[in-house]
Amino acid sequence: MKAQKTIWHNLPPETLTTRLQVDIKQGLSETEAQQRLNQYGANRLTPRRGKSPLRLLLEQFHQPLIYILLVAGAVTAFLQEWVDSSVIFGVVLVNAIIGFIQEANALKAIDALSRVLSVSSTVLRDGQRRTLSANELTPGDVVFLQSGDKVPADLRLLQIRELQIDESALTGESVPVEKRLATLDATTLLADRCNMAYSSTLVTYGSALGVVVETGDRTEIGLINRMIAGATDLETPLTQKISQFSRLLLWVIIGIAALTFAVGVWRGQSMLDMFMASVALAVGAIPEGLPAALTITLAIGVSRMAKRNAIIRKLPAVETLGSTTVICSDKTGTLTQNQMTVQALYAGGELFEITGSGYTPDGELRYNGKAITPQDHPALLECLKAGVLCNDARLLAETDTWRIEGDPTEGALLVAAHKAGLHHADVSNDHPRLDAIPFESQHQFMATLHHNRAQDARHVYLKGSLESLLPRCNNAFDSQMQPIALDKALLQRQVEDMALQGLRVLAFARCDHADDAVQHDEVREGLTFLGLQAMIDPPRPEAAASIAACYQAGIQVKMITGDHPVTALAIARQLGMRHTERVISGAELQAIDESQYPQMVESCAVYARIAPEQKLQLVQALQANGHVVAMTGDGVNDAPALRQANIGVAMGMGGTEVAKEAAAMVLTDDHFATIEAAVEEGRGVFDNLVKFIVWTLPTNLGEGLLIPVAVFANVALPITPLQILWINMTTSVLLGLMLAFEPKEPRLMHRNPRDPQQPILTRHLMFRICLVGTLMLIGAFGLFEYELSHGESLEAARSVAVNVFVFGELFYLFNCRSLHYSMFHIGVFSNLWVIFGVLGMTLLQLLFTYWPPMQALFGSAAIGYDEWLLILAIGMLIYTAVGLEKLLLRHWV
């Protein structure tokens, strides 16, 4: 019946109906419709076959760091230390549950798309109109559309009456699209296919008859559904590097443990002793607290972001924001308000500016930069009045906001008049409507006839394009409503100037009338030109400052929109975006070889009339250049790119459910400025994660090397596996996790983004880890041997070694509060949690050393004042050494 892929907008109506074998006056028969429904399937999106809950849960354990923790749990269970084993396995289980919940939520985008199709429709079957569920539609069905309907399938329009469709969720077009019946070129882009109505879009005005050409997965929204399913969920920079680090650490631990075991046995020590030594080495080298610290630090970041109106749906997204190098932003509803606003008005030979933005009628009218009283400018008021009367929209006040009911363009005219004191209800009461000529695309104007009660006169007001109204006008009004000659060239130049600013221009005219009805031939000539009103979907007030802050932070900002190139470029320049020398349209992009995309995306910042699949390609091209990409958006058309991006950011108030489900982060206030705040929080979170890693690894290094040193020196183990677990678990909770509460460091948003290829630990940080780990190793082993040489018991010597590690970490914690400065620079008491943690850890170590039950459990013993002085001296040595290293680093690097 039809080719595998038919270009429906390119077929003449006769060919189309023949191809689909349908009579548009009768529609399909019930029998034929059922046969086609069996052939093509129900008009619904096929959900992607997902992973079973069990598999999804098991995959959370398939990570190298989790392997290490499982080994640690198994080792402690082997040692019959059930409490420690339970804690470790508990950490693993909590991490797995959190990951399971996050991933399950992330895969709801397909379900949200399926729900979009749950609508009813009016269909012609066997010559009779019937109301059916959209699921029952099939290719060839004849469908009726009227204002307020959601389009139930992809339709080729065959009859229209003043039809306008809001396609913003699908294409990004900021105003409803006027539909026409012309047969289009095969290469016409999605946003320009004026003879088609696409599934999930909304009819805002007029009526139409169309025939179903595609249903379910074959619709344009179905294509988006497949792109979402095929888009790759990328690992974040942090998770990638943690995985690499974990794999490396796993093999290093196994290698050193095997070497220690082999050397000990070769030197004649018992295999059991060497096995226990290897176990102690493995337990010491495993950073048990790292996964918990990672999760908790990210969770704290989530809480901080929520307070700044950013809701995180995937924990690693917190850190990814801090690594972002490019933000790809949709225009409509993200950088702009998605509320058309009149900004300029030309009447009586004078050009006025109208302040304010959006549907809230707050603002003033200005002439030559100064506020005016509108009543002093009669021509201005008449032009505004024409916009109110020649209008079918409504401006409605709600509890804390204003909204438009009807066409957004007409709504903008009502708001502009409201700012001048012309309220819709009052003006309509004074000028009741008698008749109207509805807008039709072939005439490009709308006309309404009104009775002016004050003057007992009848006037026809017209609204439309300058091209349609200007030939009908014989004269114009001056500023005081006196007739003057019409300067058509001046008006053309005025419209061109407005268009260059991205403004959409409507012209207004009027004429006197004697009857109670108006016909087309009565407004063909003899009109008086009233003026021009120019509008745009304005930028969000805070967006320009946020973009400037992103540039200061080294983050590129790119606009990717389905709107017109001139409008997109004008908005980009108003926002102060860089690289706005040119705009690349979807048609131009289509002509460029994909191999050139990576070079092109670096030099251009504005992309207009972009199709959904092209958004996806642009994100992929940036990622191919090594960028960490954040993609913002609110429409169905944004969902595939949101899923593909390193982090997708959806709008919570104006965004579709599809966009929210595909995104990693949702902005509850829809402000672009919130993204900048989230980036700042993300950078702070990453800083705190690095601080924890730099703090914890020296202990694991010192403990891991202490065991081989003891084996090679043929002496008793300075610390036991159980004591190592005590050190690692208690210090991670009471000391390390306190770093998660560190406030953000000064000038955080003045840094460039971290290079995605840069390792978590730079050479300087690796040197610091080795320095501190070596000092801990020397201090612990040295004091252990010193105590034994002075006749102290093995238990007392081990207690000293344990306390060297604990208090070494305690002093080093103050170094790690900032990676570059001393704690005095950032404020000693700026993080009180650190103070509480230090006091708690000190109390626990006193119990470990002196409380008999703890002595019995851990094999510790009481030590004297001299030992404490030596332990504290080593801690102070570590603090001083790192302080000097940071000081030298700041001056020499």
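So, a few notes on the structure that sits alongside this text. (Residues numbered from 1 in each chain as written. Predicted model: local features only at pLDDT ≥ 70, side-chain atom pairs only at ≥ 80, totals over all residues. Heavy atoms only, no water.)

1. Let's talk about helix H15 (residues 408-419)
- Taking 1.5 Å of rise per residue, twelve residues should cover 16 Å, and H15 covers 17 Å from first to last C-alpha, within 8% of that figure.
- Extensive coverage of H15 is indicated by the burial of twelve of its twelve residues.
- Among all positions in H15, only Pro 408, Thr 409, Glu 410, Gly 411, Ala 412, Leu 413, Leu 414, Val 415, Ala 416, Ala 417, His 418 and Lys 419 are buried.
- Between a side-chain oxygen at the N-terminus of H15 and the backbone nitrogen of Thr 409 the separation is 2.9 Å; the capping residue is Asp 407.
- Trailing H15 by a residue or two, Gly 421 shows a phi angle of about 90 degrees, which is positive. (Helix = DSSP H or I, 4+ residues; strand = E, 2+ residues; numbered from the N terminus. Expected span 1.5 Å × (residues − 1). Buried < 20%, exposed > 50% of the residue type's maximum accessible area, 1.4 Å probe, protein only. Polar contact = N/O pair within 3.5 Å; in protein donor to acceptor, adjacent residues only side chain to side chain.)

2. Description of unusual backbone geometry
- The backbone of Asp 456 shows a phi angle near 50 degrees, a positive value even though the residue is not glycine.
- Here Asp 456 is to be found in the loop between strand S17 (445-452) and strand S18 (457-464).
- The exposure class assigned to Asp 456 is exposed, which follows from its relative accessible area of 58%.
- One non-glycine residue, His 579, lies in the positive phi region at around 55 degrees.
- Among the secondary structure elements, His 579 is positioned in the loop between helix H20 (565-574) and strand S24 (584-585).
- Judged by relative accessible area, which is 39%, His 579 ranks as partly exposed.

3. Considering the sheet that holds S24
- Taken in spatial order, the eight strands line up as S8-S28-S27-S26-S9-S23-S25-S24 in an open sheet, and their pairing is mixed. The strands lining the two open edges of the sheet, one partner per strand, are strand S8 (310-312) and S24.
- As paired strands, S24 and strand S25 (residues 606-608) are joined by two bridges and run parallel to one another. From the neighbouring strand, Ser 585 faces S25, where its bridge partner is Ala 608.
- Of the strands in this sheet, strand S9 (326-329), strand S23 (556-560), S25 and strand S26 (629-633) are in contact with helix H23 (residues 612-624), which crosses S26 at around 160 degrees. (Pairing = 2+ DSSP bridges. Contact = heavy atoms within 4.5 Å. Axes fitted to C-alpha atoms, helices over the stretch in contact; angles between N-to-C directions.)

4. Considering the packing of aromatic side chains
- Counted according to the given criterion, the structure contains eight aromatic pairs.
- Residues Phe 741 and Trp 833 carry aromatic rings whose centres are separated by 5.0 Å and whose planes lie at 25 degrees to one another, so their mutual orientation is stacked. Highlighted residues: Phe 741 in the loop between helix H27 (721-734) and helix H28 (763-789) and Trp 833 in helix H31 (residues 832-850), separated in sequence by 92 residues.
- Accessibility expressed as a relative area gives 30% for Phe 741, which makes it partly exposed.
- A ring pair is formed by Phe 848 and Phe 858, whose centres lie 5.6 Å apart and whose planes are at 50 degrees; its orientation type is tilted. In this pair, Phe 848 sits in helix H31 while Phe 858 sits in helix H32 (residues 852-858), placing the two residues ten residues apart along the sequence. A single burial state applies to Phe 848 and to Phe 858, both of which are buried.
- Through pairs of rings, three or more aromatic residues link up here, namely Trp 726, Phe 848 and Phe 858.
- Over the face of the ring belonging to Phe 144 we find Arg 129, whose NZ or CZ atom lies 3.6 Å from the ring centre.
- Its end group placed over the ring of Tyr 551, Arg 578 keeps NZ or CZ at 4.1 Å from the ring centre. (Phe/Tyr/Trp six-rings, centres within 6.5 Å; stacked < 30°, edge-to-face > 60°. Lys NZ or Arg CZ within 6 Å of the ring centre and 35° of its normal.)

5. Some words on the packing of H28 against helix H33 (residues 865-892)
- The geometry of H28 relative to H33 is characterised by a closest axis approach of 11 Å and an angle of 165 degrees between their N-to-C directions. One finds that H28 runs roughly antiparallel with respect to H33. At the point where H28 passes H33, the crossing takes the right-handed sense. Residue-level inspection shows His 764, Phe 767, Arg 768, Leu 771, Val 772, Leu 775, Met 776, Gly 779, Leu 783, Tyr 786 and Glu 787 of H28 in contact with H33, the latter providing Glu 867, Leu 870, Ile 871, Ile 874, Leu 877, Ile 878, Ala 881, Val 882, Glu 885, Lys 886 and Leu 889. (Parallel < 35°, antiparallel > 145°, perpendicular 65-115°, else oblique. Left-handed = near helix turned anticlockwise from the far one by under 90°.)

6. Examining a nonpolar patch on the surface
- Together, Phe 829, Leu 832, Trp 833, Phe 836 and Leu 839 make up an exposed nonpolar region whose accessible area comes to about 600 Å².
- Examined against the element boundaries, Phe 829 turns out to sit in the loop between helix H30 (823-826) and H31.
- Judged by its relative accessible area of 62%, Phe 829 falls in the exposed class. (Patch = residues over 30% accessible without salt bridge, like charges linked within 9 Å, V, L, I, M, F, W, Y side chains within 5 Å. Areas by Shrake-Rupley, 256 points an atom, 1.4 Å probe, with all protein chains shown as cover. Salt bridge = Lys/Arg side-chain N within 4 Å of Asp/Glu carboxyl O.)

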